Every structure is written in structure tokens, then in C-alpha cells.
Amino acid sequence: MKALQITQYGVISESLAIKTIAKPSLQNKDVLIAVKAASLNPIDYKIVGGYLKEMIALDLPATIAYDVSGVIVEKGREVDSFEIGDEVYARLPQEQMGTVAEFVAVNSEVIALKPSNLSFEEASALPLAGLTAIQALERVGIKKDDRVLIHAGSGGVGSFAIQYAKHKGAIVYTTTSTKNVDWVKALGADRVIDYKKENYKEVANKLDIVFDTLGGDYTLDAFEIIKEGGKVSSIAGSAPDEETAQMMGMKDYQLPEHLAALIQKKSAVYKLTWMQPNGEQLQLIKSLVEAGTIKPVIDLIYPFEKGVEAYEHLATGHAQGKVIISFSAHS
């Protein structure tokens, strides 16, 4: 079968190539998916660049990407919750990365039937972004009437988070650039902040929750604009909270002093979410999509043969929603 593989660490154009490799074999709990579409995420090109070598060890060459939608064509002996022919979608576990390929093997516990009202391309846009948003917002207990700031509302995670927060009844602020204001507003945000014209910290303050998708100073500045006892939920901060650190195997971990001081000053809650694949939450996303509550946001769809170009486009940071690689020409 053909697959888009990382052949070395470095720039995208020199480090990704289409290769012919063996079809994956199945473990007892796995299914084999004939891939129809795969969506791309920033973590993918960060892996290509070698920035995550210490956290994600790869035996190169390695097939890229985590999000997938397709059709089950084989299943392991212990799989009884899915049948051959089922149309499914998933975010693969870290150790099973490799969805930009004609076939992928994945543990059946992390997949779900794809939303019936979506194409394969649309369905593939949902898993990583949707699971990340849900897990990050639920870890800080988002609820009705919470005042929430979601950074980067035009991104894959941000655009899903806006819709999910509105589903939960929250009052949503979000940041984006001038060209994206109207379509981010159409996602349901109550107040869209054009960061090129406005200082978000002057518009959104005394918030219940800040959802930090950007990291760096944005993580620290979040503590300025939450209310006393407010919550900062990050997916991009440099320091995990104690619970996440334990989950990541970091023994005897302590929060950095400057972060601990900010938390104490506001009696705040701080969480850093390292998203985990979750089949049950994909079922929740499926139901929300079929009810019309959530819609995938897609920027561009590339054919498999132009996978390298797709990643180069994603890496510009200018995508409005998700970038997809489609195998539909091979179906």
C-alpha cells in the first residue's frame, strides 16, 4: 500500500515522501480501516520538524497523522462492537500514528461510527480537534452561563470549542484576525475580538474560563483576566498541572514558581490537557453533529498525491479550519 511517511526530521518538503509499504497486521482488538480521508494537525508538522522527539519517539520512516475516517475491511478476533463495512472515524493512539495511508490498523476501543450526515472528508476533520476541545473544557467543568474566552477561534480546535461551549450554554468570547471575524461569528461566538484592532484583555475580563490554545505569554496573561476563583484550561502551556504530570509519568513534579504564584493570587484552577483518544466521546460528537449542533470547519481538501503540499499549507498557519487529505479517488 501507499503511505505518506516521515523519512527524516527537518523541513516538510525534504522530510515527507510517498512510499510503498506493507499493509498493517491486526492485533486481536484492532480493526483494519480502508482510509477515505485523513485530517492534518499542527502536532504532525511539529513531529516532522523534530520538536517532539523526546516525547514521541519514532522509528523512521514512519507514516504521518492521527485523524482518520474510512471503512472497516477486516477485524480482530476480539472485536464484537463493529462489523466489516462499518463507516467509522477515529483519532489514533500515539503509538498507532499513521493515517495518511491506504490502510490503517487501530484499536477498536478508540473508534466510533462516523456521523451519518457527513462525508468522509468532513468526518475526518473532527476527532483530534473535537476531543481536545471537549476534554479541555470539561476538565474545568464548563457550564451554563460561564463567561469563556477561547483563543484562536478560526483554528481547528477553536472553531469546535466555540460550538461546544455554546452547546453547554456558555457566553463565548473569541479572538481571531480581521479576515475571519464574520465566519467565526457565524459559529456562534457572542463576542468576536479582532486582535489586530482590539486588545482582548480590555474586552474580555473577569472571566470564568480562559481556554488557552496558544501558549507562551497567553497562558500567563490568562490569569489577569479570569475572575477570583476562575479557571485556565490550556492545551499549549509549557507546564503541566500536577494531575497531567502524573499521567505523563513525571515523578516528583512541582509547578514552576511563577505559575504557582499566579494560581495562588487568583485562587485559580489551572489544567493542561494532553488529549487522549476516546471512542465514547466520539459517539457524543457524532450525536451533536447529527443533531446539527456541531459542524466541521474545513479549509482545503487535497488529494493524497499532494499530501506534502497539504502539510506545507497547514504549516503557514493561515488555514481557516481543517486541512484534509482525501483518498476518495482511490475508492
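Residues numbered from 1 in each chain as written. Predicted model: local features only at pLDDT ≥ 70, side-chain atom pairs only at ≥ 80, totals over all residues. Heavy atoms only, no water.

**Some details on the sheet that holds strand E14 (residues 269–272)**
Part 1 of the reasoning: Across the sheet, six strands lie side by side as E11-E10-E9-E12-E13-E14; this open sheet has parallel pairing. Every interior strand has two partners, whereas the edge strands, strand E11 (191–194) and E14, have only one. Across this sheet, the average inter-strand angle for adjacent strands is 15°, counted without regard to direction.
Part 2 of the reasoning: Two elements, strand E9 (residues 147–150) and strand E10 (residues 171–176), share four bridges in a ladder whose sense is parallel. Paired with Ile 150 across the two strands is Thr 174, which belongs to E10.
Part 3 of the reasoning: Helix H4 (residues 127–139) rests against strand E12 (207–212), strand E13 (226–234) and E14 of the sheet, and its axis sits at about 145° to E12.
Part 4 of the reasoning: Running at roughly 140° to E13, helix H10 (residues 257–266) makes contact with E13 and E14 of the sheet. (Pairing = 2+ DSSP bridges. Helix = DSSP H or I, 4+ residues; strand = E, 2+ residues; numbered from the N terminus. Axes fitted to C-alpha atoms, helices over the stretch in contact; angles between N-to-C directions. Contact = heavy atoms within 4.5 Å.)

**Looking at the nonpolar core**
Part 1 of the reasoning: Within the largest apolar cluster, 78 residues are counted, with the highest numbers of intra-cluster contacts made by Ile 64, Val 100, Ile 111, Ile 285 and Tyr 311.
Part 2 of the reasoning: Looking at which element gives the most residues to this core, the answer is H4, with seven residues.
Part 3 of the reasoning: Here Ile 111 is in contact with Val 31, Ile 72, Phe 82, Val 88, Tyr 89, Ala 90, Val 106, Gly 279 and Leu 282, once residues within four sequence places are set aside.
Part 4 of the reasoning: In this structure, Tyr 200, Ala 239, Ala 268 and Tyr 270 belong to the second largest nonpolar core, which totals 19 residues. (Core = buried A, V, L, I, M, F, W, Y, C linked by side-chain atoms within 4.5 Å. Buried < 20%, exposed > 50% of the residue type's maximum accessible area, 1.4 Å probe, protein only.)

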